[in-house]
Amino acid sequence: MSHVGVGPRAVMRSVAFLTAGVLAVPALAGCTSEDPSGKPLAEQDVAAAARARIADGGTLRWAVDSVPDTLNAFQSDADATTTRVAQAVLPSMYRMDETGSPVRNPDYLESAEVVDTEPKQVVVYKLNQQAVWSDGREIGAADFAAQWRALSGKDSAYWTARNAGYDRIQKIERGANDLEVKVTFSRPYADWKALFSPLYPKDVMGTPDAFNDGARRSLKVTAGPFAVKKVDTKSDQVVLTGNPRWWGEPAKLDKIVLRAVPRDERVSELVAGELDLAEIDPETADEVTLAGAPRDPATGTPLMGPEGSPAPGPQGRSAAEALRSWAVANGSDEDAAEEEILAREERREAAAKERRRQKALSGFEVRKSLEPAYTQLALNGSDGPLADERVRRAVARALDREKLAEAVLKPLGLPAEPVGSHLALSGQPAYADGSGALGQQNAKEARALLADAGWVPGGPVKKADEGEKAAGAEKDEKGDKDEKKSDGDDGTYIVGEDNKNGGSGDGGNDDAKDDAKDGADRESGEKLSSGKNTAQGGAPGAYAPKGTAAPAGSAAAPLAKDGKALTLRFVLPSGPGSEALRTVADRITDMLKEIGIGTEITKVPDESYFKDHIAAGEYDLALYSWPASAFPATDARPIYAKPVPAADGSLNVAQNYTRVGTDQVDQLFDRAMTTLDQKEARDLLRKADSRIWAAAGSIPLYQRPQLTVARENLANAGAFGFETPVYEDMGYLKKGAQGSRPSAPAGSSASPSPSSSPSSSSGS
């Protein structure tokens with residue numbers, strides 16, 4: 001299951017406090033002559049081919065996570081498959097390019113520009129004169145106006161998930177002719193290009209009933225290269241067929257079937273010949289890559305194993321093992337010989353089955369890139385130790401983000417660079433590394449921050465009564481008791497009695513342990529405050545004076561304050577697609593242990609991870625992902641906005657799961673959203689990002705890998721990276737057209753990996 005936060009256009013975040021005079025935000029890279037946005041770390045990997053090389057016809061069977069509950073992308077239960085269907089069948093005025101920037105979609109839009117800013121901002125859209133709905137009606141102002149009214153937020157009868165941008169529109173009217181749409185804004189809106197993508201027909205948006213129920217299981221009127229033929233919940237698939245009224249380049253494929261296939265069943269479906277394209281985990285990527293490797297003509301076994309290692313002999317056994325087996329089977333001990341003969345027969349059958357499996361997979365290849373999403377460590381600032389900004393910053397300063405990125409991405413042959421921004425990814429215009437506002441990894445300074453907050457090694461710890469927990473600890477969920485791990489103090493450590501508890505006070509070094517794990521880590525997929533600040537002063541007890549760093553050699557000694565050990569609840573999903581998150585969590589646990597912070601890991605079912613833990617605030621530390629956006633002023637503001645009190649006295653955090661935010665950050669977002677000067681907007685966003693870093697509510701770690709397996713002759717499909725897929729160009733190469741493959745993603749050429757070959761996919 002992919003633990004990615006709800007799409008960026010429906011997200012929200014929370015509350016944090018910066019202590020005046022403590023944080024110095026460094027000069028922004030955006031103020032230098034060098035462009036800080038950089039380049040995308042990896043290109044898309046889709047086996048790009050010219051349309052002339054692609055045959056007409058065919059069906060693409062594409063694995064997805066689920067059949068969507070709705071085809072209306074503006075409803076709260078829309079999902080990734082909803083988006084995929086909308087991209088294939090509905091108009092979008094803008095699409096994303098290779099840098100994650102919006103570009104005009106010429107199939108629908110001839111031009112769009114701001115024609116006035118005073119007294120009001122006015123944008124005029126000039127539509128493609130060939131653009132029509134599948135019922136023959138021209139796409140026009142009536143469709144734009146219906147969508148605005150439905151999403152403006154003024155009529156609560158429409159069950160909408162968001163209204164960002166649409167709530168700033170004052171009116172929509174016909175322009176100089178039927179092909180012009182004139183949109184007047186009540187307030188300036190920098191991200192106007194985010195609107196009307198996708199655009200639904202007025203039949204869907206025109207009334208609350210049509211909006212709420214008319215596009216959940218069918219879309220009768222569409223305007224893309226494909227149309228929705230049926231949503232089949234019994235066979236768990238959505239079937240798309242060519243749109244006969246499509247005016248653009250005709251679709252190469254006859255049909256696209258989006259099949260809901262659990263990730264742990266996809267390799268079996270590939271072997272059975274039931275899929276052509278699927279996002280996969282690293283283990284499946286290794287198997288597919290191995291299946292396509294050169295083979296010994298005599299035995300049929302691969303000449304090389306994963307990462308260039310020598311492959312085992314026939315039946316996966318070494319020469320010595322094979323010789324011993326032969327000797328036993330032909331020896332004088334009849335019982336042993338009979339047993340070995342039966343075992344050899346079972347191995348032969350297993351080997352034959354494996355050869356058939358590898359032969360079936362040999363027609364596929366792995367395509368990889370980096371997904372437009374990043375994995376973060378979230379720190380819940382609502383209460384407990386992490387309500388203190390100094391503790392959050394200490395946690396952040398303890399992390400070696402490069403090691404964490406390498407653990408996930410290096411084994412996949414993908415660029416392993418930490419993400420430097422909460423609001424954009426490398427290559428996007430708004431990107432700049434703002435992590436300097438927090439500071440680099442430094443265990444000594446992290447310990448000093450903790451000492452300043454009153455948490456010190458050897459502090460007095462009361463022996464816990466029955467049922468009492470260490471600070472931040474949480475009981476494990478039913479059925480998961482064997483999965484709980486605690487690296488913190490057990491509540492019995494008494495200052496001055498180190499030796500009685502077997503503790504030396506010597507922190508040691510876990511680097512060797514970290515390095516030993518490097519080769520085994522893989523990324524497969526993830527699932528994406530109260531606003532009060534605790535007192536910053538000291539607390540009673542035996543601890544170092546304010547500002548005193550921990551003494552040398554006591555790095556691993558448990559920290560305590562007010563009689564409780566500093567132990568943080570680390571909540572993780574337990575599903576089969578979350579191995580990488582658990583690996584990263586183990587690394588983080590070791591890094592925090594170096595500064596005396598204990599963790600209590602609790603693994604919970606995937607279904608309850610977000611709803612019952614992240615959204616409910618029942619965690620101290622958690623790992624999940626946020627998608628990148630081309631419109632961060634609009635899409636990221638609710639993610640980082642300061643929570644506000646609700647009418648019932650509770651705190652409305654929306655999707656600000658860290659509950660950390662500031663008025664200053666909100667103001668920077670608001671200014672970026674209203675300026676039409678793109679450079680000014682980028683500078684404002686970079687300043688906001690620096691302050692988000694300084695508040696240490698969330699720590700970006702790495703861009704998620706995107707691993708996809710595709711039939712070797714399938715072109716223009718795979719790991720799309722930032723770019724919006726071009727559905728009409730997908731198809732199968734003509735006979736004889738196969739051969740040259742596009743170059744591997746940038747940064748993946750250093751050394752071959754088990755997944756090297758085109759690959760890409762989901763994640764953390």
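Residue numbers restart at each chain and count upward from 1, following the sequence in its written direction. Two thresholds apply to this predicted model, a pLDDT of at least 70 for residue-level local features and 80 or more for giving and counting side-chain atom pairs, whereas whole-chain, interface and lining totals are computed over all residues. The side-chain numbers reported here are obtained from all heavy atoms of the structure, hydrogens and water having been left aside.

Chemist: Outline the overall build of the chain, listing residues and values.
Modeler: Regarding its fold elements, the chain presents 18 helices and 24 strands. Partly exposed residues are those whose accessible area sits between 20% and 50% of the maximum for their type, while under 20% is buried and over 50% is exposed, using a 1.4 Å probe and protein chains only. Looking at the 764 residues of the chain, the share that counts as buried comes to 53%. Note on areas: Shrake-Rupley, 1.4 Å probe, and residue coverage restricted to the protein chains presented here. Here the chain displays about 31700 Å² of accessible surface, and carbon together with sulfur accounts for 49% of that area. The helix and strand labels rest on DSSP assignments: H or I over at least four residues marks a helix, E over at least two residues marks a strand, and numbering proceeds from the N terminus.

Chemist: Quick one: what's the story with the sheet that holds strand 15 (residues 559–561), residue by residue and with numbers?
Modeler: The pairing criterion for strands is at least two bridges between them, as found by DSSP. Strand order across the open sheet formed by 3 strands is 13-15-16, with antiparallel pairing between neighbours. The outermost strands of the open sheet, each flanked by one partner alone, are strand 13 (456–457) and strand 16 (564–565). When strand 13 meets strand 15, the two strands line up antiparallel, connected through 2 bridges. Residue pairing for strand 15: Val456 is matched across the bridge by Ala560.

Chemist: Let's hear about the sheet that holds strand 5 (residues 122–127): which residues, and what values?
Modeler: Consider a sheet: its strands pair through backbone hydrogen bonds, and that pairing is either parallel or antiparallel. Taking strand neighbours across the sheet as the criterion, the 4 strands line up as 4-5-7-6 in an open arrangement whose pairing is antiparallel. One side of each edge strand has no neighbouring strand; the edge strands of this open sheet are strand 4 (109–116) and strand 6 (169–174). Between one strand and the next, the sheet's axes are offset by a mean angle of 20 degrees, whatever the strand orientation. Pairing of strand 5 with strand 7 (residues 180–185) involves 5 bridges; the strand directions are antiparallel. Residue pairing across strands places Val124 opposite Lys182, the latter belonging to strand 7. Against the sheet, helix 2 (residues 141–151) makes contact with strand 5, strand 6 and strand 7, and its axis sits at roughly 160 degrees relative to strand 6, the strand it touches most. Axis lines are fitted to C-alpha atoms, over the contacting stretch for helices. Their N-to-C directions set the angle, which ranges from 0 to 180 degrees. Any two residues whose heavy atoms approach within 4.5 Å are treated as being in contact.

Chemist: Pulling in residues and values, what's your account of helix 9 (residues 389–398)?
Modeler: Where burial is concerned, most of helix 9 is hidden: 10 out of the 10 residues are buried. Taken residue by residue, helix 9 has Glu389, Arg390, Val391, Arg392, Arg393, Ala394, Val395, Ala396, Arg397 and Ala398 as its buried positions. As used in this structure description, the phrase polar contact means that two N or O atoms lie within 3.5 Å; if the pair is within protein, one of them must be able to donate a hydrogen and the other to accept it, and residues adjacent in sequence are counted only when both atoms belong to side chains. For helix 9, the capping residue at the N-terminal end is Asp388, with a side-chain oxygen 2.9 Å from the backbone nitrogen of Arg390.

Chemist: Which residues make up unusual backbone geometry, and what values do they have?
Modeler: Here Glu118 and Pro119 are connected by a cis peptide whose omega angle stands at 0 degrees. One can find Pro119 in the loop between strand 4 and strand 5. Of note, the amide linkage connecting Ser197 to Pro198 takes the cis form, showing an omega dihedral of 5 degrees. Structurally, Pro198 can be placed in the loop between strand 7 and helix 3 (202–205). The backbone of Ala47 sits at a positive phi, close to 55 degrees, despite the residue not being glycine. Of note in this structure, Asp236 is not a glycine but carries a positive phi near 55 degrees. Looking at the element boundaries, Asp236 is found in the loop between strand 8 (226–232) and strand 9 (237–242). The class of Asp236 is partly exposed, set by a relative accessible area of 36%.

Chemist: Residues and numbers for helix 10 (residues 401–409), please.
Modeler: By the criterion of burial, helix 10 is predominantly enclosed, with 7 of the 9 residues buried. Buried within helix 10 we find Arg401, Lys403, Leu404, Ala405, Ala407, Val408 and Leu409.

Chemist: Mind laying out the packing of aromatic side chains, listing which residues take part and the relevant values?
Modeler: In summary, the pairing rule links any two rings of Phe, Tyr or Trp, Trp by its six-membered ring, whose centres are within 6.5 Å, and it sorts them by plane angle into stacked for under 30 degrees, edge-to-face for over 60 and tilted for everything else. Under the criterion given, the structure shown has 21 aromatic pairs. Note on Phe74 and Tyr200: the rings are 6.0 Å apart at their centroids and 65 degrees apart in plane angle, and the pair reads as edge-to-face. Note that Phe74 is positioned in the loop between strand 1 (59–64) and helix 1 (80–89) and Tyr200 in the loop between strand 7 and helix 3, a separation of 126 residues in sequence. Since its relative accessible area comes to 3%, Phe74 is described here as buried. Take Tyr200: its relative accessible area is 0%, and that puts it in the buried class. Clustering of aromatic rings is evident, with ring pairs tying together Phe74, Tyr94, Tyr125, Phe144, Tyr166, Trp192, Phe196 and Tyr200.

Chemist: I'd like to hear about the pairing of strand 6, residue by residue, with values.
Modeler: Pairing geometry for strand 6 and strand 7, over 5 bridges, is antiparallel. Opposite Ile169, over in strand 7, you have Phe185 as the bridge partner. In sequence, strand 6 turns back onto strand 7 through a hairpin of 5 residues.

Chemist: Explain the nonpolar core residue by residue, including any values.
Modeler: Membership of the largest hydrophobic core comes to 104 residues, with the highest contact counts inside it found for Met93, Tyr125, Phe196 and Leu240. Considering every element that reaches this core, the biggest residue donor is helix 2, with 7 residues. For Leu240, the contacting residues outside a window of four places in its chain are Val85, Ala88, Val89, Phe226, Ala227, Val228, Lys229, Asp254, Lys255, Ile256 and Leu258. In plain words, nonpolar cores are sets of buried Ala, Val, Leu, Ile, Met, Phe, Trp, Tyr and Cys residues tied together by side-chain atoms within 4.5 Å. Of all hydrophobic cores here, the second largest spans 62 residues; its members include Leu438, Ala446, Leu572 and Val584.

Chemist: Account for the pattern of salt bridges, naming residues and giving values.
Modeler: For this analysis, a salt bridge means a side-chain nitrogen from Lys or Arg found within 4 Å of a carboxyl oxygen belonging to Asp or Glu. Taken as a whole, this structure holds 28 salt bridges when the rule is applied. The residue Arg704 makes a salt bridge to Glu371 at a minimum N-O spacing of 2.8 Å. With relative accessibility at 0%, the residue Arg704 sits in the buried group. Asp452 serves as the salt-bridge partner of Arg390, at 3.2 Å between the closest nitrogen and oxygen. Placement of Arg390 in helix 9 and of Asp452 in helix 11 (residues 443–452) is noted, with a sequence separation of 62 residues between them.

Chemist: Give a description of the side chain of Thr724 that names residues and reports values.
Modeler: In this structure, Thr724 sits in the loop between strand 23 (714–715) and strand 24 (731–732). On the basis of relative accessibility, which here comes to 19%, the residue Thr724 falls in the buried class. Here the side chain of Thr724 touches Met96 through a polar contact of 3.0 Å, landing on its backbone nitrogen.

Chemist: Describe the environment of Arg397, naming the residues involved and giving the relevant values.
Modeler: Within the secondary structure, Arg397 is located in helix 9. C-alpha of Arg397 to C-alpha of Leu438: the two residues are 41 residues apart in sequence and 7.6 Å apart in space. Filtering out sequence-adjacent residues up to four positions away, Arg397 remains in contact with Leu438, Gly439, Gln440, Gln441, Asn442, Ala443, Glu445, Ala446 and Leu449.

Chemist: An account of the pairing of strand 5 is needed here, citing residue identities and associated values.
Modeler: The element strand 5 is largely enclosed, with a buried count of 5 among its 6 residues. Here strand 4 runs beside strand 5; their pairing, made up of 6 bridges, is antiparallel. Residue pairing for strand 5: Leu109 is matched across the bridge by Leu127. Between strand 4 and strand 5, which pair antiparallel in sequence order, lie 5 residues.

Chemist: Pulling in residues and values, what's your account of the confidence of the model for the chain?
Modeler: A residue's pLDDT is simply how confident the predictor is in it, with values from 0 to 100. A residue-level look at the chain finds 76% of positions with pLDDT of 70 or above and a mean pLDDT of 81. Across residues 466–547 the pLDDT falls below 50, and counting only partners more than four positions away or on other chains, this stretch makes 237 contacts in the model. Within the model, pLDDT remains below 50 along residues 550–555, and this stretch shows 14 contacts once partners closer than five positions in the same chain are excluded.

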